[in-house]
Amino acid sequence: MQRILNYINGQLVESASGACLDNFEPATGKVYSLVPDSNETDVDRAVAAAQCAFPEWSRTPAAKRSQILCRVAELIERDLERLALAECVDNGKPLTLARSLDIPRAATNLRFFGTAVLHTASECHPMDETALNYTLRKPRGIAGVISPWNLPLYLFTWKVAPALACGNTVVAKPSEITPMTAFLLSELCRQAGLPPGVLNIVHGRGQTAGAAIVRHPRINTIAFTGGTVTGREIARTAAPMFKKVGLELGGKNPNIIFADADSEVTVRESLRAAFANQGQICLCGSRVFVERPAYESFVERFVSAARTLRVGDPLEPDTDQGALVSAAHRDKVLSYLQLARDEGGTIRCGGGPAAPPNDRCRGGYFVEPTVITDLPVDCRVNREEIFGPVVTITPFTSEDEVVEYANGTDYGLSASLWTRDVARAHRVADRINSGTVWVNCWLLRDLRVPFGGMKSSGVGREGGQEAIRFFTEPKNVCVRVAE
Ligand code: NAD
């Protein structure tokens, strides 16, 4: 059985204790590899390596850092098929999605930040004839990066790339549920000539390896992507230590459809927004609101489109929906389907576990794409993050009403709205409390824009210059120029 290894000081090593966790293939429910169950000792070793590498890496010219990160991007592209297959097996997502979204975006992250640091500028504030103030941006030291399982390599590199590009060294922990592509990345970093200790990858559980990263006194920056409950715990630990913390957390995103929107496009794109990656994307539009005159026909078309989604073996090219990531997560999603019934919802399609698509997948974690109507907007199913192939549809009658519905959860990550009325689009976008609002589109990502959530969806913004600001420390120099 394949053994995943930690990547510490440029070496691939077992955990200090030798303990391992089982790594399951979600499509089959079988253990297919072993992951180091790392603890504080492994994190200490990784931090020692990162500390040792920091002076040289932080002084390495940006052009050289850029060259190495772009080389890693090239190697990801070279190994796209192998990485996509690994991500599909590890996560349960369709191979076609891993190939078209996850892995290409990981390469893009490295190239984007690898080149962004070649184009940074520093501010200068002249004090008339008296003095010049200029601001340098210095790498902060050792960054701790902790990432989730839903877009494993994509979200791992989204934080690792800017941290390294800015001259920090990194101790990173991918999700213990989907560790494989980060492990394969370790080998590519070695091939690309990344110096030992610059990036260290410690595998293991959140409560042990993750918590050890968060509380380590030499790690002064924490970039976390994951659930809101975990984010709260991390904030509680990090705050008294005065760490800089970025939190990208959960979502319960509204998808608002006005009656004048193009009905064919809205059905197609709302389906993608609801069910892409089995609904396991923090930006999924899991609450659909449709203006009254269009409601009945939208529901009918949307439900018949959802029924055509093929739940299948993730390895098959015509599979639309793969397996959910774990048995525990499948059970959580199924418990919300029961709750929806208890709360008075009508299940229009789906509503339970999906039949295994073939013999190989007999033990897999498959759930039917599910559409629910007739739920009160403020019920738990409409307020809590389910993070699965489950969408609710609710009618509305006015702009004011739908803005209230959209803002009626603790989350504020993203929203979509669909209309041909330009003035209304701007007006409603302005009133929705979320970090991103998409108009007539979904998940159209420009890596230069600030990305992040409001309310319980997170703290801080990343992407583009925001990420460079996050991973650097401003230092002001005031030079008196008057005699
Ligand atoms: P999670 O919070 O359970 O785990 C995320 C990571 O944190 C994992 O690596 C885990 O091992 C680690 N962890 C867990 N407990 C920890 C602790 N006490 N200290 C340190 N680390 C700890 O989240 P998940 O289930 O892996 O991911 C799904 C969640 O992530 C969803 O809520 C989703 O919305 C969110 N998410 C948010 C974004 C975003 O950009 N806002 C992107 C993707 C996923």
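Residues numbered from 1 in each chain as written. Predicted model: local features only at pLDDT ≥ 70, side-chain atom pairs only at ≥ 80, totals over all residues. Heavy atoms only, no water.

## Observations regarding helix α9 (residues 263-275)
Line of reasoning, step 1. With 13 residues, α9 ought to run about 18 Å at 1.5 Å a step, and its terminal C-alpha atoms sit 18 Å apart, in line with that.
Line of reasoning, step 2. The elements touched by buried residues of α9 are β13 (254-257), α10 (292-307), β16 (370-373), β17 (390-396) and β19 (414-418).
Line of reasoning, step 3. Taking the backbone nitrogen of Glu264 as reference, a side-chain oxygen 3.0 Å away marks Asp262 as the first, capping residue of α9.
Line of reasoning, step 4. Remark: Asn277 follows α9 within two positions and exhibits a positive phi of approximately 55°. (Helix = DSSP H or I, 4+ residues; strand = E, 2+ residues; numbered from the N terminus. Expected span 1.5 Å × (residues − 1). Contact = heavy atoms within 4.5 Å. Polar contact = N/O pair within 3.5 Å; in protein donor to acceptor, adjacent residues only side chain to side chain.)

## Examining α10
Line of reasoning, step 1. Between the first and last C-alpha of α10 there are 23 Å, a value that for 16 residues agrees with the 22 Å anticipated at 1.5 Å per step.
Line of reasoning, step 2. Of all bends in α10, the biggest is about 30°, found at Phe298.
Line of reasoning, step 3. For α10, the set of buried residues is Ala294, Tyr295, Phe298, Val299, Phe302, Val303, Ala305 and Ala306.
Line of reasoning, step 4. Structurally, α10 contributes buried residues whose contacts are with β13, α9, β14 (287-291), β15 (346-349), β16 and β17. (Bend = angle between axes of the 7 residues up to and from the residue. Buried < 20%, exposed > 50% of the residue type's maximum accessible area, 1.4 Å probe, protein only.)

## Section: the site of the ligand
Line of reasoning, step 1. As a matter of local geometry, the ligand sits amid 31 residues, with Ser147, Glu176, Thr230, Leu249 and Glu385 nearest to it.
Line of reasoning, step 2. Between the ligand and Ser147, the relevant distance is 2.8 Å, taken from an oxygen atom to a main-chain nitrogen or oxygen of the residue.
Line of reasoning, step 3. Taking Glu233, its side chain carries an N or O atom lying 3.3 Å from a nitrogen atom of the ligand.
Line of reasoning, step 4. About the coverage of the ligand: the protein hides 89% of its 850 Å² of free accessible area.
Line of reasoning, step 5. Judged by its atoms lying within 2 Å of the grid points, the ligand is housed in the largest pocket.
Line of reasoning, step 6. Listing elements by their share of the shell around the ligand, those giving two or more residues are α7 (206-215), β11 (219-225) and α8 (228-238).
Line of reasoning, step 7. When residues in the shell around the ligand are grouped by element, the largest group, five residues, is from α7.
Line of reasoning, step 8. A class-by-class count of the residues in the shell around the ligand yields 14 nonpolar, twelve polar and five charged.
Line of reasoning, step 9. Composition of the shell around the ligand by domain shows at least three residues from each of domain 1 (2-249 + 457-478) and domain 2 (254-439). (Near = heavy atom within 4 Å. Areas by Shrake-Rupley, 256 points an atom, 1.4 Å probe, with all protein chains shown as cover. 1 Å grid on protein atoms, 1.4 Å probe; cavity = no way out; pocket = protein on both sides within 12 Å on 5 of 7 lines; lining within 4 Å. Sits in = over half its atoms within 2 Å of the grid points. Nonpolar A, V, L, I, M, F, W, Y, C, P; charged D, E, K, R; others polar. Domains from an automatic or database assignment.)

## Notes on the pairing of strand β9 (residues 169-173)
Line of reasoning, step 1. Counted residue by residue, β9 has five buried out of five residues, so it is predominantly covered.
Line of reasoning, step 2. Side chains of β9 alternate between two faces, with Thr169, Val171 and Lys173 and Val170 and Ala172 buried alike.
Line of reasoning, step 3. Running through helix α5 (residues 152-165), the crossover from strand β8 (residues 142-146) to the neighbouring parallel element β9 is right-handed.
Line of reasoning, step 4. As paired strands, β9 and strand β10 (residues 199-201) are joined by three bridges and run parallel to one another. Residue pairing in the sheet places Ala172 in a bridge with Ile201 of β10.
Line of reasoning, step 5. Regarding topology, helix α6 (residues 180-192) serves as the crossover connection from β9 to the parallel β10, and that connection is right-handed. (Right-handed = clockwise from strand over helix to strand, strands pointing away. Pairing = 2+ DSSP bridges.)

## Here's the deal with the pairing of β14
Line of reasoning, step 1. The element β14 is extensively covered by neighbouring structure, given that five of its five residues are classed as buried.
Line of reasoning, step 2. Where burial is concerned, the two faces of β14 agree: the one with Arg287, Phe289 and Glu291 and the one with Val288 and Val290 are both buried.
Line of reasoning, step 3. Sheet topology places β13 next to β14; four bridges connect them, and they run parallel. Residue pairing for β14: Ile257 is matched across the bridge by Val290.
Line of reasoning, step 4. As for the winding sense of the linkage, the β-α-β connection from β13 through α9 to β14 is right-handed.

## A look at the layout of surface pockets
Any empty space left between atoms is shown by rolling a water-sized probe over those atoms.
Line of reasoning, step 1. The space that makes up the largest pocket amounts to roughly 990 Å³.
Line of reasoning, step 2. Together, 37 residues line the largest pocket, and Trp149, Phe224, Gly226, Gly227 and Thr230 are the ones closest to its centre.
Line of reasoning, step 3. For the lining of the largest pocket, the secondary structure elements donating two or more residues are α7, β11, α8 and α11 (327-342).
Line of reasoning, step 4. Partitioning the lining of the largest pocket into residue classes produces 15 nonpolar, 15 polar and seven charged. (Points joined across faces, edges and corners; volume = space filled by probe spheres on them.)

## Here's the deal with the side chain of Thr370
Line of reasoning, step 1. With respect to the element layout, Thr370 can be found in strand β16.
Line of reasoning, step 2. Engagement of the side chain of Thr370 in a polar contact is seen with the backbone nitrogen of Gly351, the distance being 2.8 Å.
Line of reasoning, step 3. Not counting chain neighbours up to four residues away, the residues in contact with Thr370 comprise Phe275, Leu337, Ile347, Cys349, Gly350, Gly351, Gly352, Pro389, Val390 and Val391.

## Re the domain arrangement of the chain
Line of reasoning, step 1. When its domains are assigned, the chain resolves into domain 1 (2-249 + 457-478) and domain 2 (254-439).
Line of reasoning, step 2. The straight-line distance from the C-alpha centre of domain 1 to that of domain 2 is 31 Å.
Line of reasoning, step 3. With 24 residues of domain 1 in contact, the opposing surface of domain 2 contributes 27 residues.
Line of reasoning, step 4. Buried surface at the junction of domain 1 and domain 2, summed over both partners, amounts to about 2,000 Å²; 59% is from carbon and sulfur atoms.
Line of reasoning, step 5. Considering only the surface of domain 1 that becomes buried against domain 2, Ala27, Trp149 and Ser457 emerge as the three largest contributors, covering 26% of it.
Line of reasoning, step 6. Of all the elements in the fold, those that place two or more residues in the side of domain 1 that touches domain 2 are β4 (20-25), α3 (80-91) and α4 (95-116).
Line of reasoning, step 7. Residue composition of the side of domain 1 that touches domain 2, by class: twelve nonpolar, nine polar and three charged. (Buried area = accessible area lost by both parts, 1.4 Å probe.)

## With respect to the pattern of salt bridges
Line of reasoning, step 1. What the rule picks out here adds up to 28 salt bridges.
Line of reasoning, step 2. A salt bridge links Lys93 to Asp102; the nearest nitrogen and oxygen atoms lie 2.4 Å apart. Neither residue differs from the other here; Lys93 and Asp102 are each classed as buried.
Line of reasoning, step 3. The salt bridge involving Asp318 is made with Arg310; its shortest N-O contact spans 3.4 Å.
Line of reasoning, step 4. Given a relative accessible area of 44%, Asp318 falls into the partly exposed group.
Line of reasoning, step 5. Connected through shared salt-bridge partners, Glu25, Asp313 and Arg360 make up one network. (Salt bridge = Lys/Arg side-chain N within 4 Å of Asp/Glu carboxyl O.)

## Things to note about the nonpolar core
Line of reasoning, step 1. In this structure, Ile76, Leu164, Val170, Leu194, Leu199, Leu283 and Trp442 are the most contacted members of the largest nonpolar core, which totals 76 residues.
Line of reasoning, step 2. For this core, the element with the most residues is α5, which contributes ten residues.
Line of reasoning, step 3. Here this core spans two domains, since at least three of its residues come from each of domain 1 (2-249 + 457-478) and domain 2 (254-439).
Line of reasoning, step 4. The contact partners of Trp442, leaving out residues within four places of it in the chain, are Arg272, Ala273, Ala276, Ile281, Leu283, Cys284, Gly285, Ser416 and Trp418. (Core = buried A, V, L, I, M, F, W, Y, C linked by side-chain atoms within 4.5 Å.)

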